[in-house]
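Residue-level structure breakdown
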Amino acid sequence: MSKKQLDALFREVISRDAAYESRILVSERPETQEIPEFSRRRFEKMLDRALDDAAQKKPKKEHPALSHAARVLGKVLVAAVACIVILFVTVMSSEAVRGRITKFLVSITPHYAEVSLDNNDGSKQTEKAYRYRIGYLPDGVELVSERISSGTDELYTRGEDGYMRFRATYGSDGTEIDTQNAKEIRTVPLRGATAMLIVRQDDSLELLWSNEKASFRLEGTLTEAEILMIAEHVQEELVPVADVPLDPSLEKANLFYAPEYVPEGFEPIRRNYSEIGTDLAYGRDEDGYLCIEVNGPAAVSQYDTEHAQRIESVTVRGEEALLIVSDDWTTLTWSTENAIFAVSGTLSAEEIVKIAESLREIQP
Amino acid sequence: MLSLLLATIENETDRAFLSGLYEDNYDAMVKKARSMLSDASAVEDVIQDTFLYFAKNLDKIYKVPCSNLPFFVVMCIKRKCLDYIRMQKTRSKHIVGSMDDEETHFEPPAPGLSTEEQALLKLDVETVRQAFTFLPESLKDVLRYKYLLEMTDKEIAKTLGVRETTVRSYLTRARQAVYRICKEKGYVEETT
């Protein structure tokens, strides 16, 4: 004998009692119910509002067949999405993924992006060096200058206003991309891999790709078909390092600099002057740090723009420079015809600019 | 479009049902409310509140058999009146006073069924119903709140202004009283 049985008994008893009481109430009802007009209007108004509210809150009833179809469709969609994800993970080549990541990185750094297309195996130049040449040129494109040092840099003209520039950087692991002037960036298939095609505001094109030995940049007033055709026909040849001529301008360039101004308390902790250029470091207390680098024009530098609070263009020593300011680090970089400068440290932008302006050539 | 049409029809059906309920039982509702509330203006408020509750709980209302609806409506009015009185903090002593007075004497019911409750299950429904009619109104109402209005112990406690344990004691006591009445009236033979 359970509580449920007792409840059922009394539910029935009370139901019969309610029926009995209801019969009495019905028998006592007046022939016409006199409901005041005010009460009736108030009741109807309340009822309208209450039913509307209840209808809005009530979950929509669906036809059973439609409901079943919706559930089946939902399951099919979930299965399709799962298949797409699996295909994406397994079928897409690593190159395609790299292209997507590159595009993503570019999209989140709208001002200035440093994108690594590192395909190198870490090997440095040894006794032999790779050299790249253009194997196909569209009509009207003529070579103007060629410079070969740690890479290839060829400049071409086309008619009065047209130009084309091809650069191959051996062993480079960094490619700088100016996204500010880009109106479209997308990946394109190239040489069995993926390249990044940038369409600039002036409709000129820039194509970037890399292989296991070098990074390539081809730009100019070309059509997409032309730039892809040229890139497909870039030829690779292995030549002795000794045969690779040095850029005469580099031989004359002085890459040795020292600051005349360093903030109070900073002491030198590193001072390297070599064929690469200048590498100076200063320290103050535990966390004060200042770094000055001067390298040749073929050098590649990387800057962290991801954590930058602001990136702006300033003028330093008569050159347009890039100032990257983050929480605890400021970087200032600019270039001249013969050198690339970088001053960075745990200092304010004003102090960094002041140090940069004080750099003077020296003979160590 | 079809769902919108169905919703409109459903809405109109609900409206017709509630309007009919209001019109058919208006006189009984007013009588019950006036018998409990000294404030005449509160009568209309209570009726409005009751139908607002109906509109929000149509699923529950549709489950009540049509033959029970007039009394169901009146019992709902009674409940709303008690809520109103409690909110106004002017309880009518003749309605709930006796219960409040007895509350302190009630012990929480023991788990499981009492001997009387177990004996009740051996009786037929009509016998129990006849005994029920002899219960005091206050105990009848507790059983009606529980089994007609399907109120929880907590809701009943709130309406009556007592603790939940007290409500459970009322219910047990009411059921035991029904059995005693059955014996007193000779509806059931003495058992050892």
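On a predicted model such as this, the values are computed, not experimentally measured, just so you know.

Topic: the pairing of strand β15 (residues 288-295) of chain A
All names here are of chain A.
- Among the eight residues that make up β15, six are buried, leaving the element largely enclosed by the rest of the structure.
- Both strand β14 (residues 277-284) and β15 contribute to a ladder of eight bridges, which runs antiparallel. Looking at the pairing, D279 lines up with E293 of β15.
- Count of turn residues in the β14/β15 antiparallel hairpin: three residues, of which D285 carries a positive phi of about 55°.
- Here β15 pairs with strand β19 (residues 340-345) via six bridges, running antiparallel. Looking at β19, one finds that N295 is bridged to I340.

Some thoughts on the packing of helix α1 (residues 3-28) of chain A against helix α7 (residues 125-132) of chain B
- The N-to-C vectors of α1(A) and α7(B) enclose an angle of 60°; their axes lie 9 Å apart at closest approach. One element, α1(A), and the other, α7(B), form an angle in the oblique class. In the crossing of α1(A) with α7(B), the sense of the turn from one axis to the other is right-handed. Each of L9(A), F10(A), E12(A), V13(A), I14(A), R16(A), D17(A) and Y20(A) in α1(A) lies in contact with α7(B), whose residues at this interface are V125(B), E126(B), V128(B), R129(B) and F132(B).
- When the residues that make up the contact of α1(A) with α7(B) are grouped by side-chain class, the tally is eight nonpolar, no polar and five charged.

Some points on the interface of chain B and chain A
- With 44 residues of chain B at the interface, the matching set in chain A holds 41 residues.
- For the pair chain B and chain A, the summed buried area comes to about 4,300 Å², and 65% of that belongs to carbon and sulfur atoms.
- Per-residue buried area on chain B facing chain A is highest for Q48(B), L121(B) and Y147(B); these three make up 15% of the total on that side.
- Seen at the junction of chain B and chain A, the total is seven salt bridges.
- The partner of R144(B) in a salt bridge is D17(A), with the nearest N and O atoms 2.9 Å apart.
- Summed over the shared surface of chain B and chain A, the result is 16 residue pairs in polar contact (both at pLDDT 80 or more).
- Mapped onto the side of chain B that touches chain A, the elements with two or more residues apiece are α1 (2-36), α2 (40-56), α4 (69-88), α6 (115-120), α7, α8 (137-147) and α10 (164-184) of chain B.
- Sort the elements by how many residues they give to the side of chain B that touches chain A and α1(B) lands first, with 13 residues.

Here we look at the pairing of strand β18 (residues 330-335) of chain A
Residues and elements named next belong to chain A.
- The element β18 is extensively covered by neighbouring structure, given that five of its six residues are classed as buried.
- The sheet contact formed by strand β17 (residues 319-326) and β18 spans four bridges and is antiparallel. Bridge pairing in β18 places L322 opposite T333.
- Counting the residues in the hairpin turn of β17 and β18 gives three residues.
- Two elements, β18 and β19, share six bridges in a ladder whose sense is antiparallel. Counted as the bridge partner of W334 is F341 from β19.
- Connecting the antiparallel pair β18 and β19 is a turn made up of four residues.

Some details on unusual backbone geometry
Residues and elements named next belong to chain A.
- Located in the positive-phi region is D203, a residue other than glycine, with phi close to 70°.
- With respect to the element layout, D203 can be found in the loop between β8 (193-200) and β9 (205-210).
- In this model, R317 sits at a positive phi of 50°, which is unusual for a non-glycine residue.
- Topologically, R317 is positioned in the loop between β16 (308-316) and β17.

Rules used throughout
Residues numbered from 1 in each chain as written. Chains lettered and ligands numbered in written order. Predicted model: local features only at pLDDT ≥ 70, side-chain atom pairs only at ≥ 80, totals over all residues. Heavy atoms only, no water. Buried < 20%, exposed > 50% of the residue type's maximum accessible area, 1.4 Å probe, protein only. Helix = DSSP H or I, 4+ residues; strand = E, 2+ residues; numbered from the N terminus. Pairing = 2+ DSSP bridges. Axes fitted to C-alpha atoms, helices over the stretch in contact; angles between N-to-C directions. Parallel < 35°, antiparallel > 145°, perpendicular 65-115°, else oblique. Left-handed = near helix turned anticlockwise from the far one by under 90°. Contact = heavy atoms within 4.5 Å. Nonpolar A, V, L, I, M, F, W, Y, C, P; charged D, E, K, R; others polar. Buried area = accessible area lost by both parts, 1.4 Å probe. Salt bridge = Lys/Arg side-chain N within 4 Å of Asp/Glu carboxyl O. Polar contact = N/O pair within 3.5 Å; in protein donor to acceptor, adjacent residues only side chain to side chain.

As far as function goes, none of this settles anything; it's purely spatial.
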